[in-house]
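This is what each chain is made of:
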Amino acid sequence: MTERTFSIIKPDATRRNLTGKINAVIEEAGLRIVAQRRVKLTDAQAKKFYEVHAERPFYGELVEQMTAEPVVVQVLEGDNAVLKYREVMGATNPDNADEGTIRKLFALSIGENSVHGSDSLENAGIEIAQFFKDEEIVG
Ligand code: CMP
């Protein structure tokens, strides 16, 4: 089934000029980038985006890291895009990520793990709507 998922290339990656290399891995996996914008998240945007983690001990640091440098927000489209992108990203903690995954290749730590991807189709819809209007997504 063709799905859309939401992707963020995080500050640790934009800082190291890795946007193109990360998107090459995404495209090689057969996912299409159908919307894209480089943006510096505000404190309010990052807090809202990661609201589900508000009670976690790493929340403050996460918001700080996500607002430190620009990010690239993207919509990816393809067959089973949600699950496929999670496979392409690899485990949240790069120490546990499989060879060839984005996080194994590029992540620095669990906090600075280079990319975010939606964890379900429902959340993909919510996250996409936070950053893109329908007419900005061109498949
Ligand atoms: P992400 O997929 O963007 O979702 C939440 C983020 O919190 C996660 O990637 C990590 O970058 C960050 N994080 C920091 N510490 C932890 C932790 N102990 N467990 C899970 N996520 C963490």
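This text goes with the structure placed above it.
One structure accompanies this document, and this report is about it.

### Side note on the site of the ligand
Logical step 1: Around the ligand lies a shell formed by K10, Y50, H53, R56, F58, L62, T92, R103, I110, G111, N113 and H116.
Logical step 2: Residue Y50 places a side-chain N or O atom 2.5 Å away from an oxygen atom belonging to the ligand.
Logical step 3: At 3.2 Å, a side-chain N or O of N113 approaches an oxygen atom of the ligand.
Logical step 4: Taking 460 Å² as the accessible area of the ligand by itself, protein coverage stands at 78%.
Logical step 5: Each residue belonging to the shell around the ligand can be placed in one class, and the counts come to 4 nonpolar, 5 polar and 3 charged.

### Remarks on the sheet that holds strand β1 (residues 2-9)
Logical step 1: Pairing is antiparallel in the open sheet, where 4 strands are placed in the order β2-β3-β1-β4. The sheet is open, and its two edges are formed by β2 (32-39) and β4 (115-117), each paired on a single side. For this sheet the average axis-to-axis angle between neighbouring strands, irrespective of direction, equals 20 degrees.
Logical step 2: Where β1 meets β4, 3 bridges bridge the pair, whose relative direction is antiparallel.

### Description of the packing of aromatic side chains
Logical step 1: Tallying each qualifying case throughout the model produces 4 aromatic pairs.
Logical step 2: Taking 5.3 Å as the distance between ring centres and 10 degrees as the angle between the ring planes, the aromatic pair formed by F6 and F131 counts as stacked. Here the residue F6 occupies a position in strand β1, and F131 occupies one in helix α7 (residues 121-131), the gap between them amounting to 125 residues. There is no split in this pair, since F6 and F131 are both buried.
Logical step 3: Through a chain of ring-to-ring contacts, the aromatic side chains of F6, F49, Y50 and F131 assemble into a single cluster.
Logical step 4: Here R37 stacks its cationic end above the ring of F132, 4.9 Å away from the centre of that ring.

### Focus on the pairing of strand β3 (residues 71-79)
Logical step 1: Of all 9 residues in β3, 8 are buried; the element is thus mostly enclosed.
Logical step 2: Of the pairings in the sheet, the one linking β1 to β3 comprises 8 bridges and is antiparallel in character. Among the inter-strand pairings, T2 is bridged to a residue of β3, identified as D79.
Logical step 3: Alignment of β2 against β3, held across 7 bridges, turns out to be antiparallel. From the neighbouring strand, I33 faces β3, where its bridge partner is L76.

What counts and how
- Residues numbered from 1 in each chain as written.
- Predicted model: local features only at pLDDT ≥ 70, side-chain atom pairs only at ≥ 80, totals over all residues.
- Heavy atoms only, no water.
- Near = heavy atom within 4 Å.
- Polar contact = N/O pair within 3.5 Å; in protein donor to acceptor, adjacent residues only side chain to side chain.
- Areas by Shrake-Rupley, 256 points an atom, 1.4 Å probe, with all protein chains shown as cover.
- Nonpolar A, V, L, I, M, F, W, Y, C, P; charged D, E, K, R; others polar.
- Pairing = 2+ DSSP bridges.
- Helix = DSSP H or I, 4+ residues; strand = E, 2+ residues; numbered from the N terminus.
- Axes fitted to C-alpha atoms, helices over the stretch in contact; angles between N-to-C directions.
- Phe/Tyr/Trp six-rings, centres within 6.5 Å; stacked < 30°, edge-to-face > 60°.
- Buried < 20%, exposed > 50% of the residue type's maximum accessible area, 1.4 Å probe, protein only.
- Lys NZ or Arg CZ within 6 Å of the ring centre and 35° of its normal.

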